[in-house]
Amino acid sequence: MDQLRITGGQRLHGTVSISGAKNAALPELCAVLLTAENVTLRNVPQLQDVRTMLKLIGHMGAAFEGDLAQGTLHFSGANVGLPEAPYDLVKTMRASILALGPLVARFGHARVSLPGGCAIGSRPVDQHIKGLQAMGARIEVAQGYIEARLAEGLTRLQGARITTDMVTVTGTENLMMAACLAQGETILENAAQEPEVVDLAEMLIAMGARIEGHGTSRIRIHGVERLGGCDHAVVADRIEAGTFLCAVACAGGDAELTHARGDHLEAVIDKLVDAGVQVERIAGGLRVQSAGAVALKAQSFRTTEYPGFPTDMQAQFMALNIVAQGLSSVTETIFENRFMHVQEMQRLGAKIHIDGRSAMIEGGARLSGATVMATDLRASASLVIAGLVAEGETWVDRIYHLDRGYDRMELKLRGLGANIERVSAR
């Protein structure tokens, strides 16, 4: 099992290219299942979750060619005929639930294992089930699988007005994909507004779907009988961009993030600017300049749905707060178990007190290197950021979490001047 070894104290300078978004690429790979025609996806990130999803849709019969290292893949869904997602292929990835909607919509039935993934709290699939039932699917959950089938007498899913009990990104994506092939009109109320939802909608529209309102809380989908192929580039990963912004902010330096979308990161950028970081929107990306931890001012925030402060940036910004000057509080409103990185940060010298869903942080900590363990994807990134400013060596274990969502992070950081390398476990 690999580890990362980081020697802190190096400022970050240069240019880093932001990869395609994990949270857009995964639903867009599932969208391939909606059509028998050819689909080309560009800017696909090299991630373990992407490789897992490719195995999953390949298991169902989707054929693809191309080099993931180059970021372009060509798909054919003509031979998709096995509408099943087995446990062995989905146990490490919650996004596998996104195959459910496309399979039921195209084939009228599906059998999808209940998903696994990061242990950051409950992410129930009941909203997916509720929506598909409203569209005419009969669903049973048995022996760890969701089994869905069109109700007797139906040949297609039926349009419906669906109001989810909570804002759910994957739920919105799943139901939006299913509704594209439903008969009639579907209205999704309380829909997620994330850029990744918008990017998926734009791909589906390129395939012939009729979608309005994506990027708002009400999405209207007019079902069509079939979808065609398309050529689509995955939107840049706002969370990877935000992670590198925090890394440069903490370590100090001057870096350009090509392909980064400032309009997708406004809540994070606003907090960074308030903390004393210079973030400039430039042609083709962002430029970030920082004098380092000693010049940072701690910022309190609470996570919430887009366009608010993203839960996927909570851990990385907490790494900034522990070395910045002043007291701060971080409140997590999305997931109930997303402070597992706190204990590992304390091993490095962070001063953090947990009170329910809030973390109280005493800034200005002088971190010293230690061996720490990644507990989930974004926690991994926060420990890497902390290691960049800690004195001495920091070893990060269980970085398979990191590989699920960051495209060669250590190589990109090394390109900016960080002293970081991947090594085999000691």
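In what follows, the structure referred to is the one given above.
Note that this is a predicted model, so its numbers are computed, not measured. (Residues numbered from 1 in each chain as written. Predicted model: local features only at pLDDT ≥ 70, side-chain atom pairs only at ≥ 80, totals over all residues. Heavy atoms only, no water.)

## Concerning the pattern of salt bridges
Note the following rule: What counts as a salt bridge is simple: a side-chain nitrogen of Lys or Arg found within 4 Å of a carboxyl oxygen of Asp or Glu. Only runs of H or I of at least four residues qualify as helices and only runs of E of at least two qualify as strands under DSSP, and these elements are numbered from the N terminus. Type-normalised accessible area, obtained with a 1.4 Å probe on protein chains alone, sets the label of each residue: buried when under 20%, exposed when over 50%, and partly exposed for intermediate values.
Inspection of every chain in the model, using the stated rule, returns 22 salt bridges. We note a salt bridge from arginine 287 to aspartate 254, for which the minimum N-O separation is 2.5 Å. Of the two residues, arginine 287 sits in strand S17 (residues 285-290) while aspartate 254 sits in strand S15 (residues 253-258), which places them 33 residues apart along the sequence. A residue is classified by how much of its surface remains accessible, and arginine 287, at 27% relative accessible area, is partly exposed. In this structure aspartate 254 comes out as partly exposed when scored by relative accessible area, which is 23%. Of the charged contacts in the structure, one is a salt bridge between glutamate 391 and arginine 366, with a shortest N-O distance of 2.4 Å. Highlighted residues: glutamate 391 in the loop between helix H12 (377-389) and strand S23 (393-397) and arginine 366 in the loop between strand S21 (358-362) and strand S22 (371-373), separated in sequence by 25 residues. Via salt bridges that share partners, Asp2, Asp403, Glu410 and Arg422 belong to a single interconnected network.

## Thoughts on empty space enclosed by the protein
In plain terms, the rule: Only protein atoms enter the 1 Å grid, on which a cavity is a set of points fitting a 1.4 Å probe that cannot get out and a pocket is an open set with protein on both sides within 12 Å along at least 5 of 7 lines, lining residues being those with an atom within 4 Å of a point. Grid points are joined across faces, edges and corners, and a volume is the space filled by probe spheres set on the points. Gly is placed with the polar residues, together with every amino acid not listed as nonpolar (Ala, Val, Leu, Ile, Met, Phe, Trp, Tyr, Cys and Pro) or charged (Asp, Glu, Lys and Arg).
Considering all chains together, one arrives at one cavity of 30 Å³ or more under this definition. Each pocket or cavity is described by its volume, and for the largest cavity that value is around 40 Å³. Partitioning the lining of the largest cavity into residue classes produces four nonpolar, four polar and one charged.

## Let's talk about the sheet that holds strand S5 (residues 72-76)
Applicable threshold: Two strands pair if DSSP finds at least two bridges between them. Axis definition: a line fitted to C-alpha atoms, over the contacting stretch in the case of helices. Angles run 0 to 180 degrees between N-to-C directions.
In spatial order, the strands read S4-S5-S3-S14; together these four strands make up an open sheet with mixed pairing. Each having just a single partner strand, strand S4 (63-67) and strand S14 (230-233) make up the two edges of the open sheet. Shown here is a sheet whose adjacent strand axes are inclined to one another by a mean of 15 degrees, direction ignored. The pairing of S4 with S5 spans five bridges and is classified as antiparallel. When the bridges of S5 are listed, aspartate 67 appears paired with threonine 72.

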